[in-house]
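# Notes for the structure review
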Amino acid sequence: MAIKNLYKLGYLSIAPAGNNQGNACFLTPARVEEVVTVAGLRDDVIDERVIFSNHGKCVDVFAPAGKITGASHKSNKKSFTHSGTSLAVPHAAGVAAIIWGKEPELTVSEVRERLLNDASKVEILYAEAGTPQRILYTSANPQPQPEPKKEGTCDKEGCDDEVKVEVVEE
């Protein structure tokens, strides 16, 4: 009930599908319809469910969950590598944040819908019957492209705006 109330208040909850190779619908909050439930993908280029990840119709999207490197709480200079669907959740939360950051007027249901609609629809190996075949993706944050240079401009100080370059073929 708490998750549903948060959703009504405009908060998006994102939860791991779980790590016991079972049906995500048996877990709370993964089974709650308003939650974005994230299952795990392997750590390489193959679109394959990581062996421990839960599955089923309550899964909304897959994200990386195998051999994820993160910052360590033991030192500012150390990292750790772990696996688990809880490590897939920050990927989905980041995509939701990008979407909401670009369009802050969107409602929670619109952000959830965009996150799921933007996901790549591909066959995921070992996803189990009834599991949605979606891999997390966002088109909301394309890489910035350099501004085209205007004719007569120069990147160096002291350039003459009127300088033209002529190519002479020999």
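All figures in this text were calculated on a predicted structure; none of them were measured in a lab.

Here the focus is the state of the cysteines. Two cysteines, two sulfur atoms, one covalent bond between them: this is a disulfide. Within the structure shown, the criterion is met by 1 disulfide. A sulfur-sulfur separation of 2.0 Å characterises the disulfide bridge that pairs Cys-25 with Cys-58. Residues Cys-25 and Cys-58 are joined by a disulfide whose S-S torsion is about 110°; by sign, that bridge is right-handed. Within this pair, whereas Cys-25 is found in the loop between β1 (14-16) and β2 (36-41), its partner Cys-58 is found in the loop between β2 and β3 (61-64), the two being separated by 33 residues in sequence. Taking relative accessible area as the criterion, Cys-25 reaches 16% and is therefore assigned buried.

Its place among the elements puts Ser-75 in the loop between β4 (68-71) and β5 (79-82). By relative accessible area, Ser-75 is classed as partly exposed at 24%. A distance of 3.0 Å separates the side chain of Ser-75 from the backbone nitrogen of Lys-77, its partner in a polar contact.

A separate point is helix α3 (residues 108-118). Inspection of α3 places Val-108, Val-111, Arg-112, Leu-115, Leu-116 and Asp-118 among the buried residues, and these make up the whole buried set. Where α3 is buried, its residues contact α1 (2-8), β2, β3, α2 (89-102), β6 (120-121) and β7 (134-135).

One finds Leu-12, Val-38, Val-61, Leu-115 and Leu-136 to be the most contacted residues of the largest nonpolar core, which totals 21 residues. Elements supplying a minimum of two residues to this core: β2, β3, α2 and α3. Leaving out residues up to four positions away in the same chain, Leu-136 has contacts with Val-61, Phe-62, Ala-63, His-91, Ala-92, Val-95, Leu-115 and Ala-119. Within the second largest apolar cluster, 12 residues are counted, among which are Ala-24, Ala-39, Ile-124 and Ala-127.

Within β2, 6 of the 6 residues are buried, leaving the element largely enclosed by the surrounding structure. Both β1 and β2 contribute to a ladder of 3 bridges, which runs parallel. When the sheet's bridge partners are listed, Ile-14 is paired in β2 with Val-36. Pairing of β2 with β3 involves 4 bridges; the strand directions are parallel. Bridge assignment links Val-38 to a residue of β3, and that residue is Val-61.

A rise of 1.5 Å per residue sets the reference length of α2, with its 14 residues, at 20 Å; its end C-alpha atoms lie 20 Å apart and thus fit the reference within 8%. Considered for burial, the residues of α2 that qualify are Val-89, Ala-92, Val-95, Ala-96 and Ile-99. With its buried residues spanning 130° around the axis, α2 presents them on a single face. Exposed residues on α2 whose side chains face more than 90 degrees from its buried face are Gly-101 and Lys-102. Packing partners of the buried residues in α2 comprise β1, β2 and α3.

Quick look at the pattern of salt bridges now. On inspection of all chains with the given rule, the structure shows 5 salt bridges. Ionic pairing is found between Lys-4 and Glu-34, a salt bridge with its closest N-O pair at 3.3 Å. Of this pair, Lys-4 sits in helix α1 while Glu-34 sits in the loop between β1 and β2; the two residues are 30 residues apart in sequence, bridging distant segments of the chain. Glu-128 is paired through a salt bridge with Arg-49; the nearest N and O atoms lie 3.4 Å apart.

The rules we used
Residues numbered from 1 in each chain as written. Predicted model: local features only at pLDDT ≥ 70, side-chain atom pairs only at ≥ 80, totals over all residues. Heavy atoms only, no water. Disulfide = S-S within 2.5 Å. Helix = DSSP H or I, 4+ residues; strand = E, 2+ residues; numbered from the N terminus. Buried < 20%, exposed > 50% of the residue type's maximum accessible area, 1.4 Å probe, protein only. Polar contact = N/O pair within 3.5 Å; in protein donor to acceptor, adjacent residues only side chain to side chain. Contact = heavy atoms within 4.5 Å. Core = buried A, V, L, I, M, F, W, Y, C linked by side-chain atoms within 4.5 Å. Pairing = 2+ DSSP bridges. Expected span 1.5 Å × (residues − 1). Arc of directions from axis to C-beta. Salt bridge = Lys/Arg side-chain N within 4 Å of Asp/Glu carboxyl O.

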